Amino acid sequence: MAKRTKSALKANRQNIKRREANRQMRSRLRTALKAIRASLDENDVEGAKAALSKTVSIVDKMATKGIIHRNTAGRYKSRLASRLTKASA
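What comes next concerns the included structure.

So, how was this worked out
Residues numbered from 1 in each chain as written. Predicted model: local features only at pLDDT ≥ 70, side-chain atom pairs only at ≥ 80, totals over all residues. Heavy atoms only, no water. Salt bridge = Lys/Arg side-chain N within 4 Å of Asp/Glu carboxyl O. Helix = DSSP H or I, 4+ residues; strand = E, 2+ residues; numbered from the N terminus. Buried < 20%, exposed > 50% of the residue type's maximum accessible area, 1.4 Å probe, protein only. Core = buried A, V, L, I, M, F, W, Y, C linked by side-chain atoms within 4.5 Å. Contact = heavy atoms within 4.5 Å.

### Looking at the pattern of salt bridges
Applying the stated rule across the entire model yields two salt bridges. Residue Asp41 pairs with Arg83 through a salt bridge whose shortest N-O separation is 3.4 Å. In this pair, Asp41 is assigned in helix H1 (residues 6–41) and Arg83 in helix H3 (residues 70–88), connecting sequence segments 42 residues apart. Since its relative accessible area comes to 58%, Asp41 is described here as exposed. Arg83 sits in the partly exposed class, given a relative accessible area of 35%.

Structure below.
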């Protein structure tokens, strides 16, 4: 528990809210990545292309907000795009 000063209590409340928001975003990202990978495994290239744009948006938002590092975001996008290219070829 935080110290009992007003500022410490408020900081603790903020940390709890931020942690929950970050966990939800990270969960959305993992779900989106699984959906794309499942589409690619089933050779559903059109479904994967549709899911890719949504996933890239999620990845970019997370990188902007600092939930994931920008290099990690780039790596996710690059790997997904290359897998999609290989699957469509």
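There is more to say, and it comes next.
### Brief notes about the nonpolar core
Counting residues in hydrophobic clusters, the biggest one holds 18 residues, and the most contacted among them are Leu29, Ile36, Met62 and Leu84. Of all elements in the fold, only H1, helix H2 (45–65) and H3 reach the threshold of two or more residues within this core. Top element by residues in this core is H2. It accounts for seven residues. In this structure Leu84 touches Leu40, Val45, Ala48, Lys49 and Leu52, once residues within four positions along its chain are discounted.

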